[in-house]
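So you can see what is in the structure, the chains are spelled out below.
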Amino acid sequence: MPDLPWRFILILSANGLLVGSMYALVALGFVLIYKATDAINFAQGEFVMFAGFLAAGASNLAGFPWWISALLALLGMVVFAFGLERVVLRPLLGRPVIAVVMATLGLGFVLRGTATLAFGGGTQTIPLPVGDEPFLLGPLILPPIELVGAAVSLGFLAAFGWFFLKSRIGVAMRAVASNQQVAMAMGINVRRYFALAWALAGVVSALGGVLWGAMLGVDNQLALVGLKVFPVMILGGLDSILGAVVGGLIVGVVESLSAGFLDPLVGGGTKDFIPYLLMIAVLMVRPEGIFGRRRIERV
Amino acid sequence: MFHSETGVFKTSYAADMALFPLPVARWAIAGLAALFVGVVPLMFTPYLMTLLNLVLIAVVGAIGLGILTGYTGQISIGHGGFMSVGAYTAANLIVRLGLPFWLAIPAGGLMAALIGIVVGIPSLRIKGIYLAVATLASQFIIEWTINHVTWISGGIEASIQVPPPSVFGWKLQSPVQLYFFLLFFAVLAIVATLNLMRSRIGRAFIAIRDQDIAAEIIGIDIFRYKLYAFAISSFYAGVTGVLYTYYLGIANYEQFGIDVSINYLAMIIIGGLGSVLGAVLGAAFITILPEATRLFLTDFGGALFSPDTIRRLVPNLTLILFGGLIIFFLIVEPEGLNRLWRNIRNYFRFWPFSY
């Protein structure tokens, strides 16, 4: 057996873990909505893009400092998500899966068109106060923006974990997710928690938008982050927050390793499709994912 | 004879399933045939013919996706991938072996059907959202494979030039010639699907869509029929890919990206799920929408905006309109354009003595 280039593997894995935790943050948006409302948001990538545009617009066009811009993006996304739930998603309650899938896909188009109309087609930057000097840790070379992104993502994932386990609102949301009728009987206003789930997804997208926007630059392409998140969710389980984290980390590492080792062999682009191969394998073997709940169907 | 009915008096299933339920339908079909064969090619400008050709291609693909998503209830966000499979299969056969169109088109369709069956295999265990994501994955995997395997994609820029189809030694090149070529396949797709849906297979598809567990209990082999649905639907998609390749004169995977898959879904949603007429109407609607937006803005937008603004406005406004219409139809008229048409028809069916 030939000597494996351990140093190379280590560097790739570390980078993969950092990026993966940011995937996990975006995937959290999906999971929140799926868990609470059984709807899947195919426009999550566009949410992230739109939030990025809001933050970039606030700092570049209006000249706000970065933290006010980020707050504005957060606020904007929460208001937007509330309105969206009210206008689009609520009338679609109880309709077949394809209705919600198509509605969110359509929403993605609307967001893409609106963002480009409002903010222009060029790439914008979000000036986070993060240096460019790479961070050296033993043999590892880590870009600071990825470190900050990973730290913020993991911090918020932990905060959401606590929120769901301990806080009153979180417990109520879990009750709604587990059984809507019983939750109603317990005096929980289910509709309000649906709206809240969307608002929380808005918060998560705003964070994702600022972080990803600062890393990649803000333009239409930012929405492609959303496509990366499907393998993450399926891997971890559609309705598990822990699953989103673990799935995110796995996809990040797999993607980074395949880009490092397979790309030179086959001529690039494996990053975009190896996670999907992994996802298909999971779907065939264990469709509910690593931490997902198995659903039992009755006629 | 034209005459008005006074009520619904069907006494047999055969009458209920008939392709022409009303006597007037035969006249309507004859009229439409005369219009599309005789009047349209004479009246339309080359530009309009080109647009109509695109509609005809989309009709085949939308009907195909309708069989899978509308009739069988299995979502596919990967039909663009199946189209590119058909396109590249046919393009390779045409260029390397010199196959004529009447062999290349079925060959493309069959290859796409084969890939469709492979993609459909997970549908035994997963459905709904999981299946949607799995088909999305197939789209990316097919795209990547075609782009990176030069044996399929023909090397540079992953595109293969294709000579125009020739019928009895005639090369079909002008929009009008291509129009008749495409019209033949669109009509074939419509008639074949209408009959398929009246058959045992079609009824099994509908049973699976309405309640898959109940369908299994009454003796339908769900897995087999789901695979049939995937195969037939991707066959149509493959044919669509070949037709589009003939139309463009080049096979290129970028023409069959994820946005194409979503476009076709939008067609059957806006047209109305589970109806052939809906797929036709939706295909026409979605194909014409961007052009109509562009023409409307360039003709009437000049009073409000500068030409520069309009150029920026058109693609984005098209996106917004497109997404907005999908959402609008889903909320306001889930059964789509087909329902609107049925409302109109039913109003006039017993007119003026409706009850």
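Residues numbered from 1 in each chain as written. Chains lettered and ligands numbered in written order. Predicted model: local features only at pLDDT ≥ 70, side-chain atom pairs only at ≥ 80, totals over all residues.

Chemist: Before we go on, may I ask you to explain the overall build of chain A in this structure?
Modeler: Helix and strand counts for chain A come out as twelve helices and two strands. Listing the helices and strands of chain A from first to last along the sequence gives α-α-α-α-β-β-α-α-α-α-α-α-α-α. Overall, the C-alpha framework of chain A stretches about 60 × 55 × 35 Å when taken along its three principal axes. When burial is assessed residue by residue, chain A has 51% of its 299 residues classed as buried. Contacts spanning at least 24 positions in sequence make up 75% of the contacts within chain A whose residues lie at least 6 apart. (Helix = DSSP H or I, 4+ residues; strand = E, 2+ residues; numbered from the N terminus. Buried ≥ 20, exposed ≤ 12 C-beta atoms within 10 Å, placed from the backbone. Contact = placed C-beta atoms within 7 Å.)

Chemist: What is the right way to read the overall build of chain B from this model?
Modeler: When helices and strands are counted, chain B shows 15 helices and four strands. Relative to its length of 355 residues, chain B is compact, with a C-alpha radius of gyration of 21 Å against a globular reference of 20 Å. When burial is assessed residue by residue, chain B has 45% of its 355 residues classed as buried. A separation of at least 24 residues holds for 76% of the contacts in chain B among residues at least 6 apart in sequence. (Rg over C-alpha atoms; globule rule 2.2 N^0.38 Å.)

Chemist: Whenever I open this one, the confidence of the model for chain B confuses me. Can you help?
Modeler: The predicted coordinates of low-pLDDT regions are not to be read in fine detail. Residue-level pLDDT values for chain B average 88, and 96% of them are 70 or greater. Per the prediction output, this complex has pTM 0.89; the corresponding ipTM is 0.86. (pLDDT = per-residue confidence, 0-100.)

Chemist: Whenever I open this one, the interface of chain A and chain B confuses me. Can you help?
Modeler: Taken residue by residue, the interface counts 37 residues in chain A and 34 residues in chain B. For the side of chain A that touches chain B, the secondary-structure elements that each account for two or more residues are α4 (97–119), α9 (225–236) and α12 (270–285) of chain A. Examining the composition of the side of chain A that touches chain B, we find that 17 residues originate from one element, α4 of chain A, more than from any other.

Chemist: What's the story with the domain arrangement of chain B in this structure? I'm lost.
Modeler: By a frequent convention, interface size equals the accessible area lost on bringing the separate parts together. One can read the domain layout of chain B as domain 1 (14–43) and domain 2 (45–349). Contact residues are listed per partner, giving four residues for domain 1 of chain B and five residues for domain 2 of chain B. (Domains from an automatic or database assignment.)

Chemist: Which parts of the structure should I look at to understand the packing of helix α13 (residues 276–300) of chain B against helix α15 (residues 336–349) of chain B?
Modeler: Any two packed helices are characterised by the angle at which their axes cross and by the distance between the axes. All names here are of chain B. Following both chains from N to C, one finds α13 and α15 inclined at 115 degrees, their axes separated by 7 Å at the closest point. As far as their axial angle goes, α15 and α13 are roughly perpendicular. Considering only the axes of α13 and α15, their crossing is right-handed. Here L277, G278, L281, G282 and F285 of α13 lie close against α15, whose contacting residues are G336, L337, N338 and W341. Partitioning the contact of α13 with α15 into residue classes produces five nonpolar, four polar and no charged. (Axes fitted to C-alpha atoms, helices over the stretch in contact; angles between N-to-C directions. Parallel < 35°, antiparallel > 145°, perpendicular 65-115°, else oblique. Left-handed = near helix turned anticlockwise from the far one by under 90°. Nonpolar A, V, L, I, M, F, W, Y, C, P; charged D, E, K, R; others polar.)

Chemist: Explain the environment of M279 of chain A to me, please; I cannot follow it from the model alone.
Modeler: Note that M279 of chain A resides in helix α12. What makes M279 of chain A buried here is the crowd of 25 C-beta atoms within 10 Å. When the C-alpha atoms of M279 of chain A and L207 of chain A are compared, they prove to be 26 Å apart, with 72 residues separating the residues in sequence. Excluding its chain neighbours within four sequence positions, the residues that come into contact with M279 of chain A are F230, P231, I234 and L235 of chain A together with A137 of chain B.

Chemist: When you look at the nonpolar core in this model, what are you seeing that I'm missing?
Modeler: A general feature of soluble globular proteins is that nonpolar side chains tend to end up buried together. By size, the foremost hydrophobic cluster in this structure holds 204 residues, and its most contacted members are A27, L28 and A197 of chain A. With sequence-adjacent residues up to four places away left out, A197 of chain A is seen in contact with L32, I33, A36, T37 and M173 of chain A. (Core = buried A, V, L, I, M, F, W, Y, C linked by C-beta atoms within 7 Å.)

Chemist: Please explain α9 of chain A as it appears in this structure.
Modeler: One turn of an α-helix holds 3.6 residues; hence residues three or four places apart share an orientation. Spanning twelve residues, α9 of chain A covers 17 Å between terminal C-alpha atoms, matching the ideal 16 Å at 1.5 Å per step. The element α9 of chain A is largely enclosed, with a buried count of eleven among its twelve residues. For α9 of chain A, every residue scored as buried is listed here: V225, G226, K228, V229, F230, P231, V232, M233, I234, L235 and G236 of chain A. If you follow the buried residues of α9 of chain A, they end up packed against α1 (6–37), α2 (44–60), α8 (190–216), α10 (241–261) and α12 of chain A together with α6 (129–148) of chain B. One or two residues past the end of α9 of chain A sits G237 of chain A, with phi positive at roughly 110 degrees. (Expected span 1.5 Å × (residues − 1).)

Chemist: It is not clear to me how α1 of chain A should be interpreted in this structure. Could you clarify?
Modeler: All names here are of chain A. Look at α1: 44 Å from first C-alpha to last across 32 residues, which is about the 46 Å you get at 1.5 Å a residue. Roughly 25 degrees is the biggest bend found in α1, and it falls at A27. Counted residue by residue, α1 has 23 buried out of 32 residues, so it is predominantly covered. Following α1 by one or two positions, D38 has its phi on the positive side, about 65 degrees. (Bend = angle between axes of the 7 residues up to and from the residue.)

Chemist: Just checking my understanding: could you explain the packing of α9 of chain A against α10 of chain A for this structure?
Modeler: Residue and element names in this part refer to chain A. Axis separation between α9 and α10 bottoms out at 7 Å; the angle between their running directions is 125 degrees. Taken together, the axes of α9 and α10 lie oblique to each other. For the crossing formed where α9 meets α10, the hand is right-handed. Residues P231, V232, M233, L235 and G236 of α9 pack against G243, A244, V246, G247, G248, I250 and V251 of α10.

Chemist: Quick question: what am I supposed to make of the environment of H79 of chain B here?
Modeler: Residue and element names in this part refer to chain B. For H79, the location among the structural elements is in helix α4 (residues 79–97). Spatially, the C-alpha atoms of H79 and I262 are 8.5 Å apart, while their sequence positions differ by 183 residues. When neighbours within four sequence positions are excluded, H79 is seen to be in contact with G61, L65, A237, S261 and Y264.

Chemist: Looking at this model, I keep getting lost on the environment of A81 of chain A. Mind explaining?
Modeler: Residue and element names in this part refer to chain A. Tracing the sequence through the fold places A81 in helix α3 (residues 66–89). Distance from A81 to S153, taken between C-alpha atoms, is 20 Å for residues 72 residues apart in sequence. Excluding its chain neighbours within four sequence positions, the residues that come into contact with A81 are W198, A199, A201 and G202.

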